[in-house]
Amino acid sequence: MRAQEKRAVEAVTDHLARLDLTPDALSLAQVIGTALGATGCALTIADERHQWGHGAERWLSRPIERDGEVQAVLAVAPESAGPVDSLVTVLGPPLTALRLAAETDRLRRDGDAAARELVDDRWRTTVEMEQERRGLERDLHDGAQHHLVALKMSMALVEHTGATPERLAELESKLDAAEKALTDTAAGILPIPLSTRGLAGALAAELDAHADVSLDTEGFHRRYPPLVESTVYFACLEAVNNGHKHAPGATITVVVRDTARGLEFVVSDDGPGFAITDRNPGLPNLSARMATVGGTIDVRSAPGQGTTITGVVPR
């Protein structure tokens, strides 16, 4: 063994003997390079290069093997730094420890990343389930409730005028409509007129039965994505429901039109109106529904001046 290589082996052995834990790859490379009189030394362990110093254009590289398996690669610069055959034998055990530590750390990081991804997936699933729940809640509130309010009004009329066969038949029809709306909503099915006739046709089919509601869709000429049309459909029904509940006997007008801003609807009534305050800003459920498609709601009302609800879904 040449004197230079022997000194390198002794330096590495002494360095390792003074360590209680797994050696540091960079400091080990520095010890080897200094003992060999090299300008640079690098240890590549688990695909990660730990380099001390700098090298010329050509490096002398040797694989470090143990039990027939490559544990690391030792490289020194320049090539003439000295023989490293004896070092290859000495470095087998410590570089095996370094490789195992590096792979263990990588597995731990991968496990942590997988755990975070699982938590993220669970969180996304929870959020999506909550959004679906809220969507179903809004559909029940805005769709089925529309039929239930109409049914309640018809029942009050029967109670006041008496149960004639015609009134009873009307009650039965409204009860069937309410049942169908509940069934369709629970199954996640859009109203058939909405999917076949579009927003204007669906609103006409739903509102024509109400003598106190007029519908104007002359300014509405195009189709919009299904989510947008269903959102505006249920928003209009909710606004009409609110008019029936809070302004009984009032005339309600629904206007749906295309504008430069986007799809716009206006639901107004000539009822008693109400005072809008910070504690009573208007219709939070309706605002939440419109927000799902980037839309906005503006509620204007005052005592004795009726109520106007304007919604816009931007292009």
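This report concerns the structure included in the present document. Small disclaimer: the values here were computed from a predicted structure and weren't measured. (Residues numbered from 1 in each chain as written. Predicted model: local features only at pLDDT ≥ 70, side-chain atom pairs only at ≥ 80, totals over all residues. Heavy atoms only, no water.)

### A short note on the overall build of the chain
Part 1: Scanning the chain from N- to C-terminus turns up eight helices and nine strands.
Part 2: Counting only residues that meet the buried cut, the chain has 39% of its 315 residues in that class.
Part 3: If you take every contact in the chain between residues at least 6 apart in sequence, the share linking residues at least 24 apart comes to 62%.
Part 4: With an accessible surface of roughly 17900 Å², the chain has 54% of that area assigned to carbon and sulfur atoms. (Helix = DSSP H or I, 4+ residues; strand = E, 2+ residues; numbered from the N terminus. Buried < 20%, exposed > 50% of the residue type's maximum accessible area, 1.4 Å probe, protein only. Contact = heavy atoms within 4.5 Å. Areas by Shrake-Rupley, 256 points an atom, 1.4 Å probe, with all protein chains shown as cover.)

### A short note on the packing of aromatic side chains
Part 1: Applying the stated rule across the entire model yields two aromatic pairs.
Part 2: Ring centres 6.0 Å apart and planes at 10° place the aromatic pair Phe 220 and Tyr 224 in the stacked group. For the pair shown, Phe 220 and Tyr 224 are each scored as buried.
Part 3: Taking 5.2 Å as the distance between ring centres and 75° as the angle between the ring planes, the aromatic pair formed by Tyr 233 and Phe 234 counts as edge-to-face. (Phe/Tyr/Trp six-rings, centres within 6.5 Å; stacked < 30°, edge-to-face > 60°.)

### Looking at the environment of Gln 71
Part 1: With respect to the helices, strands and loops of the structure, Gln 71 is situated in strand S4 (residues 69-77).
Part 2: Its relative accessible area of 5% is what places Gln 71 among the buried residues.
Part 3: Taking C-alpha positions, Gln 71 is 9.5 Å from Leu 91, a pair spaced 20 residues apart along the chain.
Part 4: Aside from chain neighbours lying at most four places away, what touches Gln 71 is Ile 45, Ile 64, Glu 65, Arg 66, Gly 92, Leu 95, Thr 96 and Arg 99.
Part 5: Within polar-contact distance, the side chain of Gln 71 engages the side chain of Thr 96 at 3.5 Å. (Polar contact = N/O pair within 3.5 Å; in protein donor to acceptor, adjacent residues only side chain to side chain.)

### What to know about helix H7 (residues 226-246)
Part 1: With 21 residues, H7 ought to run about 30 Å at 1.5 Å a step, and its terminal C-alpha atoms sit 30 Å apart, in line with that.
Part 2: Burial analysis of H7 places 17 of its 21 residues in the buried class, which makes it a mostly covered element. (Expected span 1.5 Å × (residues − 1).)

### Digging into the nonpolar core
Part 1: Formed by 31 residues in total, the largest nonpolar core has its most connected members in Leu 199, Leu 203, Tyr 233, Val 254, Val 256, Leu 263 and Phe 265.
Part 2: Listed in part, the 25 residues of the second largest apolar core include Val 9, Val 31, Leu 60 and Leu 91. (Core = buried A, V, L, I, M, F, W, Y, C linked by side-chain atoms within 4.5 Å.)

### Let's talk about the packing of helix H6 (residues 192-207) against H7
Part 1: It is the contact of H6 with H7, at a shortest axis distance of 10 Å, that shows an interaxial angle of 5°. Relative to H7, the element H6 lies roughly parallel. Contact with H6, carried on its side by Leu 194, Gly 198, Leu 199, Ala 202, Leu 203, Glu 206 and Leu 207, involves Glu 229, Ser 230, Val 232, Tyr 233, Cys 236, Leu 237 and Val 240 of H7 and no other residues of that element.
Part 2: Considering only residue class, the contact of H6 with H7 consists of 10 nonpolar, two polar and two charged. (Axes fitted to C-alpha atoms, helices over the stretch in contact; angles between N-to-C directions. Parallel < 35°, antiparallel > 145°, perpendicular 65-115°, else oblique. Nonpolar A, V, L, I, M, F, W, Y, C, P; charged D, E, K, R; others polar.)

### Comments concerning the environment of Glu 79
Part 1: Mapping Glu 79 onto the fold places it in the loop between S4 and helix H3 (85-90).
Part 2: Classification of Glu 79 by relative accessible area gives partly exposed; the value is 38%.
Part 3: It is 9.4 Å that separates the C-alpha atoms of Glu 79 and Gly 55, two residues lying 24 residues apart in sequence.
Part 4: Residue contacts for Glu 79: discarding those within four places in its chain leaves Arg 58, Trp 59 and Leu 60.

### Some remarks on the sheet that holds S4
Part 1: Strand order in the open sheet formed by four strands is S2-S1-S4-S3, and the pairing between neighbours is antiparallel. Each edge of the open sheet carries a strand with a single partner, namely strand S2 (48-53) and strand S3 (60-66). Taken over all neighbouring pairs, the strand axes of this sheet differ in orientation by 20° on average, direction set aside.
Part 2: Against the sheet, helix H2 (residues 25-36) contacts strand S1 (40-45), S2 and S4, and its axis sits at roughly 45° relative to S2. (Pairing = 2+ DSSP bridges.)

### Quick notes on the side chain of Glu 264
Part 1: Inspection of the secondary structure puts Glu 264 in strand S7 (residues 262-269).
Part 2: A polar contact is formed between the side chain of Glu 264 and the side chain of Arg 257, at a distance of 2.7 Å.
Part 3: Side-chain polar atoms of Glu 264 contact the side chain of Arg 261, separated by 2.6 Å.
Part 4: Beyond its immediate chain neighbours, meaning those up to four positions away, Glu 264 contacts Val 255, Val 256, Arg 257, Thr 259, Thr 310, Gly 311 and Val 312.

### Remarks on the side chain of Thr 310
Part 1: Relative to the helices and strands, Thr 310 resides in strand S9 (residues 307-314).
Part 2: Not counting the four nearest positions on each side in its chain, Thr 310 is found in contact with Glu 264, Phe 265, Val 266, Thr 296, Ile 297 and Asp 298.

### Here we look at the pattern of salt bridges
Part 1: Under the defined criterion, the tally for this structure stands at seven salt bridges.
Part 2: In this structure, Asp 105 and Arg 108 form a salt bridge, with 2.6 Å as the shortest nitrogen-oxygen distance. One end of the pair is Asp 105 and the other is Arg 108, both in helix H4 (residues 92-161) and three residues apart, which spans about a single turn.
Part 3: Asp 105 gets classed as partly exposed once you look at its relative accessible area, which sits at 29%.
Part 4: For Arg 108, a relative accessible area of 44% gives the class partly exposed.
Part 5: A salt bridge links Arg 109 to Asp 105; the nearest nitrogen and oxygen atoms lie 2.2 Å apart. Separated by four residues within a single helix, Arg 109 and Asp 105 lie in helix H4, roughly one turn from each other.
Part 6: Where salt bridges share partners, they join Asp 105, Arg 108 and Arg 109 into one cluster. (Salt bridge = Lys/Arg side-chain N within 4 Å of Asp/Glu carboxyl O.)

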